[in-house]
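Spelled out from the first residue to the last, the chains are:
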Amino acid sequence: MTREGIIELEKGGRAMSFDFYASVDTNINDIKKFNDKLVELISNYIDDDELIFDIKLILNELVINSALHGNMMDESKSIEVSVHIADLGISIIVKDEGTGIKVPVKCTCSDQSLMGGRGLGIVGALVDELETCYNRVACVKYFR
């Protein structure tokens, strides 16, 4: 089950920013459907196939990592996802119900040695900023 909300701020008929927040249960099939739906929604606001591919990979890594490592595949737990799109870029925040990453990480992603496992390494290579704080991961990808 998912719970979600969308906020669009418009000026002159053009969306100036987009905010999405939702939660998904810790179930791989639900997560796949959730991520596919979210990427489809984001693609209505971003017209760049390469960027959409990166965003899909980022979402998959973060949400699946939350299910596997944070919530330990406990289907009674959920994962919260928020996305903000503005003129400069996109930010994604994923939060699970686990105990979290023991050593918080904050970097501009130029130093990959600061990343944890393979999933965060992939995300770190795709984003401009990455921050972990216990059971929350936030990242930013700027539009070029």
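Our subject is the structure listed above.
Student: How would you summarise unusual backbone geometry if you had to cite specific residues and measurements?
Tutor: Located in the positive-phi region is Met73, a residue other than glycine, with phi close to 60 degrees. Residue placement: Met73 occurs in the loop between helix H2 (49–70) and strand S3 (78–85). Under the relative-accessibility criterion, Met73 is labelled partly exposed at 31%. Of note, Tyr134 is a non-glycine position whose phi angle comes to about 55 degrees, a positive value. With respect to the helices and strands, Tyr134 occurs in strand S6 (residues 129–134). Residue classification places Tyr134 among the partly exposed residues on the basis of a relative accessible area of 46%.

Student: Which residues make up the pattern of salt bridges, and what values go with them?
Tutor: Per the counting criterion, the structure on display carries 4 salt bridges. Taking the shortest distance from any N to any O, the salt bridge between Asp36 and Lys32 comes out at 3.0 Å. You can see Asp36 and its partner Lys32 sitting in helix H1 (residues 28–42), 4 residues apart, about one turn around the helix. According to the relative accessible area criterion, Asp36 is partly exposed, its value standing at 29%. On the basis of relative accessible area, Lys32 is assigned to the exposed category, the value being 52%. Residues Lys141 and Asp54 are paired through a salt bridge, measuring 3.6 Å at the closest nitrogen-oxygen approach. One end of the pair, Lys141, is in strand S7 (residues 136–142); the other, Asp54, is in helix H2, with 87 residues separating them in the sequence. A single burial state applies to Lys141 and to Asp54, both of which are buried.

About the thresholds
- Residues numbered from 1 in each chain as written.
- Predicted model: local features only at pLDDT ≥ 70, side-chain atom pairs only at ≥ 80, totals over all residues.
- Heavy atoms only, no water.
- Helix = DSSP H or I, 4+ residues; strand = E, 2+ residues; numbered from the N terminus.
- Buried < 20%, exposed > 50% of the residue type's maximum accessible area, 1.4 Å probe, protein only.
- Salt bridge = Lys/Arg side-chain N within 4 Å of Asp/Glu carboxyl O.

Read these as spatial facts, not as claims about activity.
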